[in-house]
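# A look at the structure
So you can see what is in the structure, the chains are spelled out below.
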Amino acid sequence: MDKNLLITGGSRGIGAATAVLAAAQGYRVCINYLSDHVSAERVCEQIREAGGHAIAIQADVSNEDEIIRLFSRVDAELGRISALVNNAGTVAESARLEDMSEFRMLKIMMSNVVGPMLCSKHALLRMLPRHGGNGGSIVNVSSAAARLGSAGEYIDYAASKGALDTFTMGLAKEVAGEGVRVNAVRPGYIFTDFHALSGDPQRVSKLESTIPMGRGGRVDEVAEAILWLLSDKASYSTGAFIDMAGGR
Ligand code: NAP
C-alpha cells in the first residue's frame, strides 16, 4: 500500500513534528495549514533536505468546500491517501462559560469536531474498499481536556475534544471490518504556540508543578504515539486512546 499521509495543521507544533517523523518513516506527506505559509514551507524544506517527499496545501479544515479542494489537490499531487492525522485544532481565551459567545463556541466546534469528521469522511471515500480504496489508518489528535473538563479555562474546547473522542470510538466500530483503523492520542500540556491562543504563551511552564511527571510534554513525544497508531505495528488497535499527559 502507498504510504501517503495527510496531516491537518502540519505547519507548526505537534503536526509539524508528526510530518517530519512520518517522512523519516517513509510516508509521502501533505502538510495542510490555515495561514502560516512560511512555516508550512519550512517543514516541507526540512523533509526534502532529509530526502523525503512533502507538499504543503492551504485550506481551512472547518469548511467542507475547502476540504473538498484540499483532498482533490492531494489526489492530484500526492496520490490516494492511506493515512490521515486530524491534528488541526483551536482554542480561545481562557474564560468562564457565562462569558463565552455563541460565535466562539461554534468556531471551536467547527474546527475541532466538524472539521475532523468531514476530513475523515473524505478520507474514507479514498480508503474504503467499497470506494475503490485499499484500507487505511486515521489518528485524531484529541486532548487530556476531554477527560479533565478544563473548568475555568476553556470548557468549550474540552467539550469539543470529548466529542472527538466519541466520534473516534463510533467511527472505529463503523469501519472496523473494512480495513480502516481509527484511533486517537490525548496530549496534556505540550510546549507549542497553541497556548498563546488561550492568552498565556507560558502556560505549560507555569503549570509544570501540577503535572505528576513534573514537566510539560514535547511535540516529538506526541508524534511517536501518532506514528505508532498509524502504522501496521498497531494493526489490532482501533477505537483506542493513548494518553500523553505526564500522568495527569
Ligand atoms: P499549534 O502549534 O497552535 O498549531 C496548530 C496548527 O493547526 C497550525 O498548523 C495551524 O495552521 C493549524 N490550524 C489551526 N486551525 C486550522 C484550520 N481551521 N484549518 C487548517 N489548519 C488549522 O497547535 P498544537 O499545540 O500543535 O496543537 C495541535 C493539536 O493538538 C490541536 O488539535 C490541539 O487541540 C491538540 N492539543 C494540543 C495540546 C498542547 O498542549 N499543545 C494539548 C492537547 C491537545 P497555521 O500554522 O497556518 O496557523
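These lines cover the structure that appears in this document, whether it is placed above or below. Since the structure is predicted, the reported quantities are computational estimates derived from the model, not experimental observations. (Residues numbered from 1 in each chain as written. Predicted model: local features only at pLDDT ≥ 70, side-chain atom pairs only at ≥ 80, totals over all residues. Heavy atoms only, no water.)

### Structural notes on the overall build of the protein chain
Note the threshold: By definition, any uninterrupted DSSP run of H or I lasting at least four residues is a helix, any uninterrupted run of E lasting at least two residues is a strand, and each is numbered from the N terminus. Every radius of gyration here is taken over C-alpha atoms, with the globule rule written as 2.2 Å times N^0.38, N being the number of residues. Only protein chains enter the area calculation, which uses a 1.4 Å probe; residues under 20% of their type maximum are buried, those over 50% are exposed, and those in between are partly exposed. Contact definition: two residues touch when any of their heavy atoms are within 4.5 Å. Under this rule, positive means Lys or Arg and negative means Asp or Glu; His and the chain ends count for nothing. A charged residue contributes its charge at one atom only: NZ of Lys, CZ of Arg, CG of Asp or CD of Glu.
Summing up its helical and strand segments, the protein chain has nine helices and seven strands in all. Whereas a compact globule of 248 residues would reach a radius of gyration of roughly 18 Å, the protein chain reaches 17 Å, a difference of no more than 12%. Each principal axis of the C-alpha atoms in the protein chain carries an extent, and together these give about 50 × 40 × 35 Å. Looking at the protein chain as a whole, 52% of its 248 residues are labelled buried. Nonlocal contacts in the protein chain, meaning residues at least 24 apart in sequence, comprise 72% of its contacts between residues at least 6 apart. Between the mean site of the 25 positive side-chain charges and the mean site of the 28 negative ones, the protein chain shows a separation of 4 Å.

### Here's the deal with the nonpolar core
Quick reminder of the rule: Nine residue types can take part in a nonpolar core, namely buried Ala, Val, Leu, Ile, Met, Phe, Trp, Tyr and Cys, and a core is a set of them joined through side-chain atoms within 4.5 Å.
In this structure, Leu 5, Tyr 27, Val 29, Ile 31, Ile 226 and Leu 230 are the most contacted members of the largest nonpolar core, which totals 32 residues. Elements represented by at least two residues in this core include exactly strand 1 (4–7), helix 1 (13–24), strand 2 (28–33), helix 2 (37–49), strand 3 (53–58), strand 4 (83–86), strand 5 (136–141) and helix 9 (219–230). If we ignore the near neighbours within four places in the chain, the residues touching Ile 31 are Ile 7, Gly 10, Ser 11, Ala 19, Ala 40, Val 43, Cys 44, Ile 47, Ala 54, Ile 55, Ala 56 and Ile 57. Core analysis: the next-biggest nonpolar cluster, separate from the first, contains 28 residues, Ala 59, Leu 84, Leu 118 and Ala 123 among them.

### Structural notes on the side chain of Ser 39
The residue Ser 39 is located in helix 2 in this model. Contact partners of Ser 39, with chain neighbours within four places excluded, come to Ser 11 and Arg 12.

### Quick look at the packing of aromatic side chains
Where we set the bar: Whether two aromatic rings pair depends on their centres lying within 6.5 Å, for rings of Phe, Tyr and Trp, where Trp uses its six-membered ring; planes under 30 degrees apart make the pair stacked, over 60 edge-to-face, and the rest tilted. The criterion for a charge sitting over a ring is simple: Lys NZ or Arg CZ within 6 Å of the ring centre, and within 35 degrees of the ring normal.
Applying the stated rule across the entire model yields two aromatic pairs. Centre to centre, the rings of Tyr 154 and Tyr 157 are 5.4 Å apart; their planes meet at 80°, and the pair counts as edge-to-face. With respect to burial, Tyr 154 and Tyr 157 carry one shared label: buried. Between Tyr 157 and Phe 194, the aromatic rings sit 5.7 Å apart at their centres with planes inclined by 50°, giving tilted as the arrangement. Separated by 37 residues along the polypeptide, Tyr 157 in helix 6 (residues 155–174) and Phe 194 in helix 7 (residues 194–197) bring together distant segments of the chain. A residue is classified by how much of its surface remains accessible, and Tyr 157, at 8% relative accessible area, is buried. Exposure remark for Phe 194: the relative accessible area of 23% places this residue in the partly exposed category. The rings of Tyr 154, Tyr 157 and Phe 194 are connected pair by pair, giving a single aromatic cluster. When the ring centre of Tyr 27 is taken as origin, the NZ or CZ atom of Lys 3, which lies over that ring, is 4.6 Å away.

### Things to note about the site of the ligand
Using the following cut-off: Think of it this way: one heavy atom of a residue within 4 Å of a molecule or strand is enough to make that residue near it. Under this definition, polar contacts are N or O atom pairs within 3.5 Å; protein pairs additionally need one hydrogen-donor-capable and one acceptor-capable atom, and for neighbouring residues in sequence, both atoms have to be side-chain atoms. Using a 1.4 Å probe, accessible areas were evaluated by the Shrake-Rupley method; residue-level cover was limited to the displayed protein chains. Under the convention adopted here, Pro, Cys and the residues Ala, Val, Leu, Ile, Met, Phe, Trp and Tyr are nonpolar, Asp, Glu, Lys and Arg are charged, and Gly plus all remaining residues are polar.
Around the ligand sit 30 residues in total, of which Ser 11, Ser 35, Asn 87, Tyr 157 and Thr 192 are the nearest. Between a nitrogen atom of the ligand and a main-chain N or O atom of Val 61, the distance comes to 3.0 Å. Contact distances for the ligand include 2.7 Å between an oxygen atom and a backbone N or O atom of Asn 87. Burial of the ligand by the protein amounts to 95% of the accessible area it has alone, namely 910 Å². Contributing elements (two or more residues each) for the shell around the ligand: helix 1, strand 2, helix 6 and helix 7. Here the shell around the ligand is composed, by residue class, of 12 nonpolar, 13 polar and five charged.

### Describing the sheet that holds strand 6 (residues 180–187)
Using the following cut-off: Should DSSP find at least two bridges between two strands, the strands are taken to pair. Interaxial angle, 0 to 180 degrees, is taken between N-to-C directions of lines fitted to C-alpha atoms, where a helix line uses only the stretch in contact.
A sheet is described by the order of its strands in space; here seven strands give the open sequence 3-2-1-4-5-6-7, paired in parallel fashion. Both outer strands of the open sheet, strand 3 and strand 7 (241–244), are each paired with one neighbouring strand and no more. Neighbour to neighbour, the strand axes of the sheet diverge by 15° on average, direction disregarded. Strand direction decides the pairing type here: strand 1 and strand 2, joined by four bridges, are parallel. From the neighbouring strand, Leu 6 faces strand 2, where its bridge partner is Cys 30. Strand contacts of helix 4 (residues 102–127): strand 4, strand 5 and strand 6, with the helix running at about 180° to strand 4, the strand carrying the most contacts.

### What about the pairing of strand 3?
Test applied: Here is how to tell: hold the view so the strands point away, follow the path from the first strand over the helix to the second, and if it runs clockwise the crossover is right-handed.
Sheet analysis places strand 2 next to strand 3, joined by six bridges and oriented parallel. Note that in strand 3 the partner of Tyr 33 across the bridge is Gln 58. Read from strand 2 through helix 2 to strand 3, the crossover connection turns out right-handed.

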